[in-house]
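Chain residues, written in single-letter form:
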Amino acid sequence: MPHRFYDSNSHNVNHDMALVDYFRAGIGHRAFILTPSYPFMFIGEIVSLTEDQVRLLVETTHFAPLENRTWVIHIDNIEVFYIEFPGEPRIPELNDMA
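Predicted model only: the values in this text are computed from it and were never measured. (Residues numbered from 1 in each chain as written. Predicted model: local features only at pLDDT ≥ 70, side-chain atom pairs only at ≥ 80, totals over all residues. Heavy atoms only, no water.)

### What about the overall build of the protein?
A count of helical and extended segments in the protein gives 1 helix and 5 strands. Shown N-terminal to C-terminal, the secondary structure of the protein runs as helices and strands in the order α-β-β-β-β-β. Counting the 98 residues in the protein, one finds 30% classified as buried. In the structure as shown, the protein presents an accessible area of about 6800 Å², 56% of it carried by carbon and sulfur atoms. (Helix = DSSP H or I, 4+ residues; strand = E, 2+ residues; numbered from the N terminus. Buried < 20%, exposed > 50% of the residue type's maximum accessible area, 1.4 Å probe, protein only. Areas by Shrake-Rupley, 256 points an atom, 1.4 Å probe, with all protein chains shown as cover.)

Written out as structure tokens, the structure is:
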């Protein structure tokens, strides 16, 4: 039995704030982000954070015309992510030349 009561709304707020803080710490680092809607995958540098929206300078996605531009991604739309911090595993370079 849980020793502390919380409702689902306060849990969601704490969860969202933790994600915002984590992405804020990742500003200036590369990130890999998957979303449930097109274009689905982004790899690039986190350039800033505005409230709960990540600005990502996209270097790679699966549709080349969408690369090399800044995308704004709402944290609620992120399904999976990885931020490349120093000393952690690196995100591989992806290209069509393989």
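### Quick notes on the nonpolar core
Within the largest apolar cluster, 16 residues are counted, with the highest numbers of intra-cluster contacts made by Phe23, Ile33, Ile46, Leu56 and Ile75. Listing elements by their share of this core, those giving two or more residues are helix 1 (8-25), strand 1 (30-34), strand 2 (41-50) and strand 3 (53-60). Excluding residues within four positions of it along the chain, Phe23 makes contact with Ile33, Ile46, Leu49, Val54, Ile75, Ile78, Phe81 and Ile83. (Core = buried A, V, L, I, M, F, W, Y, C linked by side-chain atoms within 4.5 Å. Contact = heavy atoms within 4.5 Å.)

### Here we look at the sheet that holds strand 3
The 5 strands lie next to each other as 4-3-2-1-5, forming an open sheet whose pairing is antiparallel. Looking along the sheet, the strands with just one partner apiece sit at the ends: strand 4 (69-74) and strand 5 (80-83). Each strand axis lies, on average, 40° off the axis of its neighbour in the sheet, ignoring direction. Inspection of the sheet shows strand 1 paired to strand 5 by 4 bridges, in the antiparallel sense. Counterpart to Ala31 in the pairing with strand 5 is Ile83. (Pairing = 2+ DSSP bridges. Axes fitted to C-alpha atoms, helices over the stretch in contact; angles between N-to-C directions.)

### Details of unusual backbone geometry
Residue Pro39 is reached from Tyr38 by a cis peptide bond, and omega for that bond is 10°. With respect to the helices and strands, the residue Pro39 is situated in the loop between strand 1 and strand 2. The phi torsion at Phe40 lies on the positive side, around 70°, for a residue other than glycine. Examined against the element boundaries, Phe40 turns out to sit in the loop between strand 1 and strand 2. For Phe40, a relative accessible area of 38% gives the class partly exposed.

### Re the environment of Pro86
When you line up the elements, Pro86 lands in the segment after strand 5. Classification of Pro86 by relative accessible area gives exposed; the value is 67%. Along the primary structure Pro86 and His29 are separated by 57 residues, whereas in three dimensions their C-alpha atoms are 8.6 Å apart.

### Considering the pairing of strand 3
Note: strand 2 against strand 3, 7 bridges, orientation antiparallel. Each residue of the ladder has a partner; that of Glu45, found in strand 3, is Leu57. The loop that links strand 2 with its antiparallel partner strand 3 comprises 2 residues; one of these, Glu51, has a positive phi angle of about 55°. Note: strand 3 against strand 4, 6 bridges, orientation antiparallel. Counted as the bridge partner of Leu56 is Trp71 from strand 4.

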